[in-house]
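A look at the structure
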Amino acid sequence: MARRIIKVEAPEGDPVRRQGAIKNGLSWYFAQFNRNKRSIRLDLRKPEARDVLARLIERSDVLVENFRPGVLARMGFTEARLKELRPPLVICSINGFGSTGPYRDRPAFDFIAQAMSGFMSVNGGPDDPPLRSGLPISDLIAGLYAALSITASVLHARQTGQGQRTEVSLTNGMVSLLAYIATNYFATGAAPARSGNDHPIAAPYGLFPTRDGQIALAPADDAFFRRLADALNEPGLKTDPLYATQDARVANRARINAIVGGRLAANTSAFWVETLNAAGVPCGPVHSVADVFQDPQIIAQHMVLDVPHPVHGLIQMLGFPMKFSATPCQVRSAAPALGEHSEAILAELEFSPAERNALRLGGVI
């Protein structure tokens, strides 16, 4: 059975409701990230609202919060209180830097995490300044890690009857993505240089011009490079000591890139995408966002959905990247209006009509 997600919002609502493209009064950004949720409006500055939250926690499997460390406890929801309310509760905290260390109390957003994680330092060309990702990648990665840690914690709770706190920080998530950049630094002590679209440990690898545009090319090891050499009708490259191994090609990157680029410039992007993929060489066009949503593969994978909204009609949004054979993902409900389900949720929590009315008149909901 699908679990219900209840979004607890401040009286003014989630700021994302007012961000991104607004169409007929609806943020499509908010609509994308809040489907399949219910909304209850609670002014947690009021003790009555905190009483409502406590009753909600008593009936919940998971509590997700993104306050700075200590804020939830100052509201009265200490570790001991939460465990008393519901022993199997899983608490997932998402913050900027973690709950320990000298930066625990600092505010943070995606751009700060990208900057302080080292991520920006390795993006861009050799002579460029550090460069951010075009997407809020630390927010997105934190969400993925949160989902993974919640899944593991819920499984543990069901096996043992005991909940736990799991914590994800934007900065830690970004540091975890340093991958081979970090391992090379640990092994050599040398700070990596920015390499643009070139791969630090592979060549040829990156964007290459064709007769009418450019393509992305990624022959990541010797076997793929040999396929590339045959597809380009350059079999001698496979045995030439300047290019026969990955290390040799990286050392002679400019030379091998010039040879490959010269060959690719002789024909169109479409020709090379077809030819190289047929030869088993990873290769693809460089799509614009508009191109992506016209791509037959993306369409076949249902990565664009038309979701009916009860007030705003059809809303187009991204599909689900995970594909389950027995329990496919689905949009069960559109993003909620602010406090849309407050009354229904209070009724489910067994607040009487008189109590609900008092909460409403007191500005609690």
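Anyway, here's the lowdown on the structure attached to this text. Treat the numbers as computed from the prediction; the structure is a model and nothing was measured. (Residues numbered from 1 in each chain as written. Predicted model: local features only at pLDDT ≥ 70, side-chain atom pairs only at ≥ 80, totals over all residues. Heavy atoms only, no water.)

Moving on to the pairing of strand β11 (residues 304-309). With burial as the criterion, only one face of β11 is covered, namely that bearing L305, V307 and H309; the residues V304, D306 and P308 on the opposite face remain uncovered. Here β11 pairs with strand β12 (residues 313-318) via six bridges, running antiparallel. Counterpart to P308 in the pairing with β12 is L314. In this antiparallel pair of consecutive strands, β11 and β12, the connection spans three residues. (Buried < 20%, exposed > 50% of the residue type's maximum accessible area, 1.4 Å probe, protein only. Helix = DSSP H or I, 4+ residues; strand = E, 2+ residues; numbered from the N terminus. Pairing = 2+ DSSP bridges.)

Moving on: the sheet that holds strand β8 (residues 206-209). With respect to topology, three strands assemble into an open sheet ordered β8-β9-β10, the strand pairing being antiparallel. With one partner strand each, in any of the chains shown, β8 and β10 (283-285) form the two edges of the open sheet. Sheet twist, expressed as the average angle between the axes of neighbouring strands with direction ignored, equals 35°. For β8 and strand β9 (residues 214-217), the ladder comprises four bridges, and the chain directions are antiparallel. Bridge assignment links F208 to a residue of β9, and that residue is I215. Packed on one face of the sheet, helix α11 (residues 253-264) meets β8 and β9 and runs near 50° to β8. (Axes fitted to C-alpha atoms, helices over the stretch in contact; angles between N-to-C directions. Contact = heavy atoms within 4.5 Å.)

So, on to the pattern of salt bridges. For the coordinates displayed, the defined rule picks out 16 salt bridges. The salt bridge involving R4 is made with E348; its shortest N-O contact spans 3.1 Å. Of this pair, R4 sits in the segment before β1 (5-9) while E348 sits in helix α15 (residues 342-348), and the two are 344 residues apart along the sequence. Classification of R4 as exposed rests on a relative accessible area of 59%. Here E348 falls in the partly exposed class, since its relative accessible area comes to 36%. In this structure, R356 and E343 form a salt bridge, with 3.2 Å as the shortest nitrogen-oxygen distance. Highlighted residues: R356 in helix α16 (residues 353-361) and E343 in helix α15, separated in sequence by 13 residues. Its relative accessible area of 17% is what places R356 among the buried residues. Using a relative accessible area of 31% as the deciding quantity, one classes E343 as partly exposed. One salt-bridge network, held together by shared partners, links R4, R38 and E348. (Salt bridge = Lys/Arg side-chain N within 4 Å of Asp/Glu carboxyl O.)

A cluster of nonpolar side chains, contributed by Y29, F33, L135 and L140, occupies part of the molecular surface with about 390 Å² of accessible area. Position of Y29 among the secondary structure elements: in helix α1 (residues 28-33). (Patch = residues over 30% accessible without salt bridge, like charges linked within 9 Å, V, L, I, M, F, W, Y side chains within 5 Å. Areas by Shrake-Rupley, 256 points an atom, 1.4 Å probe, with all protein chains shown as cover.)

Two numbers describe a pair of aromatic rings. These are the distance of the centres and the angle of the planes. A full pass over the atoms with the stated rule returns four aromatic pairs. Measuring from ring centre to ring centre gives 5.7 Å for F97 and Y103, while their planes differ by 70°; the resulting arrangement is edge-to-face. In this structure F97 comes out as buried when scored by relative accessible area, which is 13%. When the ring centre of F351 is taken as reference, the NZ or CZ atom of R55 above it lies at 3.8 Å. (Phe/Tyr/Trp six-rings, centres within 6.5 Å; stacked < 30°, edge-to-face > 60°. Lys NZ or Arg CZ within 6 Å of the ring centre and 35° of its normal.)

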